[in-house]
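Tertiary structure, described
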Amino acid sequence: MSDRPGPRAMSPVLLGAGGGDWSPVTAGESGAAVFRDADATRYAKCVPAADAAGLRAERDRVAWLNDQGVPGPRVLDWHSGDTGACLVTSAVPGVSADQVPAEDLRAAWERIADAVRRLHEVPVPRCPFRRDLDAMVALARDVVARDAVKAEFLPVEQRHTPPGELLDRLVRQVPRRREQETADTVVCHGDLCLPNIILDPRTLDVSGFIDLGRLGRADRYADLALLLTSARETWEDEERGRAADTAFAERYGIVLDHDRLRFHLHLDPLTWG
Ligand SMILES: Nc1ncnc2c1ncn2[C@@H]1O[C@H](COP(=O)(O)OP(=O)(O)O)[C@@H](O)[C@H]1O
Ligand SMILES: [Mg+2]
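These numbers come from a predicted model, not from an experiment.

**Observations regarding unusual backbone geometry**
One non-glycine residue, L204, adopts positive backbone phi at about 65 degrees. Among the secondary structure elements, L204 is positioned in the loop between β8 (197-199) and β9 (206-209). On the basis of neighbour count, L204 is assigned to the partly exposed category, with 19 C-beta atoms found within 10 Å. The backbone of D211 sits at a positive phi, close to 60 degrees, despite the residue not being glycine. Mapped onto the elements, D211 comes out in the loop between β9 and β10 (216-219). Here D211 falls in the buried class, since 28 other C-beta atoms lie within 10 Å of it.

Put into structure tokens, the structure is as follows:
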């Protein structure tokens, strides 16, 4: 049983985001309630008051990314009060990249690689937000200590291992991974899975990135690990998945280090909860 307010209690109208005909969008990955307005030009993300700081952080990242020439939503409205907080953004037109068939994703794949590379080319000193390894490990320690790891986020083969042990294994690698990060920090999206990449369904160009709550300075592998793994849910089989990884790496301009991908992939599920 959850003691959190349900989506109805967190509707944009009740939270003060003004008029509009809002209907719930169920596709989100987080605990936030997301709504779309009737003419599909605005989205509203609503959270209970306890999570307002996280949503405020997302608001600040959306506003910042807008000034960097990377396509994404604009901040239209923000409300925060005793009953919760609500962020209203402009809709990035199109469909989430997890909603298109494999052949369309394949057609868009190099354009996605280009868009990710351009994001990663934003000058790091301009970015005021952190999403580095130490911040992520601190988050993971907190989630594990609260026994709040969501088993469904873990790879199947890890679901029967105590999360504390999963975290210990990763922590042993931290000194090496921190060195890699220091040598290769970029502006990362921070939650770069296919649902957070919007495609124009007609041209298959990237319309923009959404869900920017974790955007910040980090190892580029944090993004690459999530993206390549998320796309595996669309590719038909392992062979085509590997071919897609190779095509992505070539276009993006990297020789993939699979151990490093695995490390970032395995840290991520311990940081949500
Ligand atoms: N500004 C936006 N433009 C286009 N689609 C959006 C926008 N905001 C949310 N969505 C849609 O709603 C879904 C959930 O929103 P998101 O911000 O990703 O929430 P969560 O943090 O729950 O994943 C997205 O996957 C996307 O389909
Ligand atoms: Mg999302």
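Now that the structure has been shown, we can carry on.
**Some thoughts on the environment of R130**
With respect to the helices, strands and loops of the structure, R130 is situated in the loop between α2 (102-120) and α3 (133-145). Spatially, the C-alpha atoms of R130 and G216 are 4.6 Å apart, while their sequence positions differ by 86 residues. In contact with R130, not counting residues within four places along its chain, are A135, G216 and R217.

**Digging into helix α6 (residues 220-231)**
Its 12 residues give α6 an end-to-end C-alpha distance of 17 Å, which sits within 8% of 16 Å, the value for a rise of 1.5 Å per residue. Most of α6 is tucked away, with 10 of its 12 residues classed as buried. Of the residues making up α6, those classed as buried are R220, Y221, A222, D223, L224, A225, L226, L227, L228 and A231. Those residues of α6 that are buried lie in contact with α2, β7 (185-188), β10, α7 (238-252) and α8 (258-267).

**Here we look at α7**
In this model, α7 (15 residues) spans 21 Å end to end at C-alpha, consistent with the 21 Å of a helix rising 1.5 Å per residue. With its phi angle positive at about 95 degrees, G253 sits one or two positions after the end of α7.

What counts, and where the lines are drawn
Residues numbered from 1 in each chain as written. Chains lettered and ligands numbered in written order. Predicted model: local features only at pLDDT ≥ 70, side-chain atom pairs only at ≥ 80, totals over all residues. Helix = DSSP H or I, 4+ residues; strand = E, 2+ residues; numbered from the N terminus. Buried ≥ 20, exposed ≤ 12 C-beta atoms within 10 Å, placed from the backbone. Contact = placed C-beta atoms within 7 Å. Expected span 1.5 Å × (residues − 1).

These figures capture arrangement, not role.
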